Amino acid sequence: MNHQSVAFKNTHFPSPPHHHHHHHCNPIHSRLLFPSALFSLHPNITVTKSPHSSFTCRVLHTPLLHTSNTTKPAAAAAVKTVDVATLGNLCVDIVLNVPKLPPPSPDARKAFMEQLSSSPPDKRYWEAGGNCNMAIAAARLGLKCITIGHVGNEIYGKFLLDVLRDEGIGLVEMSEETDVLDAPGSSYETLLCWVLVDPSQKHGFCSRADFSKEPAFSWINTPSEEVKRAIKRSRVLFCNGYDFDELSPNVMISAVEYAVEVGTSVFFDPGPRGKSLLSGTMEEQEALRHFLRMSDVLLTADEIINMSVLHSLMEIRYACNYGSLDSSRKCLGFMAESLTGIADPILAGKELLKEGNRAKWVVVKMGPNGSILITKSSITCAPAFKVKIMDTVGCGDSFVAAIAFGFIHNIPLVTTLAFANAVGAATAMGCGAGRNVATLKKVVELIETPDLNGNDKFWNELLSHHLKSQEVTLLSKMVFNGNNGRVNHVTLQNVVSELLPKLKSNQLEGTLSS
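Everything numeric in this text was worked out from a predicted model, so none of it was measured.

A. Quick look at the overall build of the chain. When its secondary structure is counted, the chain shows 17 helices and 18 strands. Considering the chain as a whole, with its 514 residues, one finds that 58% of them fall into the buried category. Pairs at least 24 residues apart make up 77% of the contacts formed inside the chain by residues separated by at least 6 positions. Here the chain has roughly 21100 Å² of accessible surface; of this, 54% comes from carbon and sulfur atoms.

B. Summary view of the packing of helix 6 (residues 225–232) against helix 7 (residues 249–261). Two elements in contact, helix 6 and helix 7, have axes separated by 9 Å at closest approach and are oriented at 40°. If you check the angle between helix 6 and helix 7, you find them oblique. Between helix 6 and helix 7 the crossing geometry is right-handed. Here Lys-228, Ile-231 and Lys-232 of helix 6 lie close against helix 7, whose contacting residues are Ala-255, Tyr-258 and Ala-259.

C. Seen up close, the environment of Glu-471. Topologically, Glu-471 is positioned in strand 17 (residues 471–476). Sequence-distant contacts of Glu-471, defined by excluding residues within four places in its chain, comprise Ser-377, Ser-378 and Ile-379.

D. Local environment of the pattern of salt bridges. Taken as a whole and judged by the stated rule, the model has 17 salt bridges. In this structure, the salt-bridge partner of Glu-127 is Arg-435, at a minimum N-O distance of 2.9 Å. Here Arg-435 lies in the loop between helix 14 (413–428) and helix 15 (440–448) and Glu-127 lies in strand 6 (residues 126–130), a separation of 308 residues in the sequence. Classification of Glu-127 by relative accessible area gives buried; the value is 2%. A residue is classified by how much of its surface remains accessible, and Arg-435, at 38% relative accessible area, is partly exposed. The salt bridge involving Asp-166 is made with Arg-165; its shortest N-O contact spans 3.4 Å. Asp-166 gets classed as exposed once you look at its relative accessible area, which sits at 60%. Given a relative accessible area of 39%, Arg-165 falls into the partly exposed group. Several salt bridges share partner residues, and in doing so they unite Asp-162, Arg-165 and Asp-166 into one network.

E. Representation of unusual backbone geometry in the model. For Asn-89, which is not glycine, the phi dihedral falls at a positive 55°. When its relative accessible area of 0% is taken as the criterion, Asn-89 is described as buried. Of note in this structure, Asn-410 is not a glycine but carries a positive phi near 55°. For Asn-410, the position within the fold is in the loop between helix 13 (395–408) and helix 14. For Asn-410, a relative accessible area of 54% gives the class exposed.

F. Local environment of the packing of helix 7 against helix 9 (residues 282–294). Following both chains from N to C, one finds helix 7 and helix 9 inclined at 15°, their axes separated by 9 Å at the closest point. Judged by the inter-axis angle, helix 7 sits roughly parallel to helix 9. Where helix 7 crosses over helix 9, the two elements pack in a sense that is left-handed. Counted together, Pro-249, Met-252, Ile-253, Val-256, Glu-257 and Val-260 of helix 7 and Glu-283, Glu-284, Ala-287, His-290, Phe-291 and Met-294 of helix 9 form the full contact between these two elements. Looking at side-chain class alone, the contact of helix 7 with helix 9 contains eight nonpolar, one polar and three charged residues.

Procedures and definitions
Residues numbered from 1 in each chain as written. Predicted model: local features only at pLDDT ≥ 70, side-chain atom pairs only at ≥ 80, totals over all residues. Heavy atoms only, no water. Helix = DSSP H or I, 4+ residues; strand = E, 2+ residues; numbered from the N terminus. Buried < 20%, exposed > 50% of the residue type's maximum accessible area, 1.4 Å probe, protein only. Contact = heavy atoms within 4.5 Å. Areas by Shrake-Rupley, 256 points an atom, 1.4 Å probe, with all protein chains shown as cover. Axes fitted to C-alpha atoms, helices over the stretch in contact; angles between N-to-C directions. Parallel < 35°, antiparallel > 145°, perpendicular 65-115°, else oblique. Left-handed = near helix turned anticlockwise from the far one by under 90°. Salt bridge = Lys/Arg side-chain N within 4 Å of Asp/Glu carboxyl O. Nonpolar A, V, L, I, M, F, W, Y, C, P; charged D, E, K, R; others polar.

Printed below as a string of structure tokens:
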């Protein structure tokens, strides 16, 4: 994807710059839209016209694709024909070079965004954003994916639908027809995220969701029946913190509660938005608490998990039991700090597991150091792959897609974590997100000639406090005879030999079906 240069005082969009960079995330909406490629595979799909999109899928009869490791309530057992459904957070990213980023003042940023919006830039600078990144990455790994969200019936919405269709991803409308009819015209439009890059490659983001106290699609009152059917047929429902920019907390809670009811595993990544949710409305804080408690897999970055999310979790729990947040904030700040020690992501992950009613995994993204997967009985660590980084945009979304792949296919934890690191690294070797996330071919090429970042000191110091409490597994370059100092070392060679046959099989199947 290209960057486009733009000046402050006009809306003329000149030629693209040399580098490609960042994206941000925001929302969207639609009915159950399946690309034509799926019709040949599943002839029992009944299709009718919709006034807001190309097709509406009312009936879906498809064979079981994989075996999930999700435990489903017997009364709610359903045939799972979809691997991953993403909830909300669909948008179109428009990446522009600017002479300088807009000032932090909301009024100044809003005026700048309105100036940008007055004349649509060339389509070369558009890209699918938000949860499209995760869905595209997962689809390229061979998972069957749908997105649940909202897109408008304008040029940007049609662009997004075309991208998803080309990637073999379905789109499910987030609302009932009556919601759309009652919605103001501007609030029905596809959400845009203006990604601004200054000469020093710093990034700024502007979206209409930034300037409203209400979610962008606050007119969506409840998940539609088609949304419920889509959730019921999915093995995984993926949600993230940017969902709060478009959907009301009550709608999100309803979707998650229904997923739990029908045996669909919930993945939740609060992302950078998690910090602002901690000081958000009571409804947002309650929804965040609900997500943390009801998710099967929690994903987060080390700088977020260490203090902020855990601090919020403690405050909300304390307030519910003993009184208001204001009266307990000072005391609980000390409690959270004492629980996390010196910003130890493993201790924080353990606490999240304790608080979560359903949590099976807490996955912590450690940036260039790698990642950690924490369960109630084990700690698994995988250093990052050593690659030449071109752009980190979309790496986290690609990482999450691979975690879902390992979860669905019941792949060993250390192999899942190594695979997720590899997929994230393969995306970092390219430029940008959306259609620029890693292909399966790139992932296979990376895994065939792998190299790990060697930071033994980091891992030794981090794990030294946990060797006596739980089983610890570490992905390693070196070959050890058995355990080394209570750490079970799994060689990269063993992981690669396990992964490659599966990935090459998926790659061949994708080639044959395309």
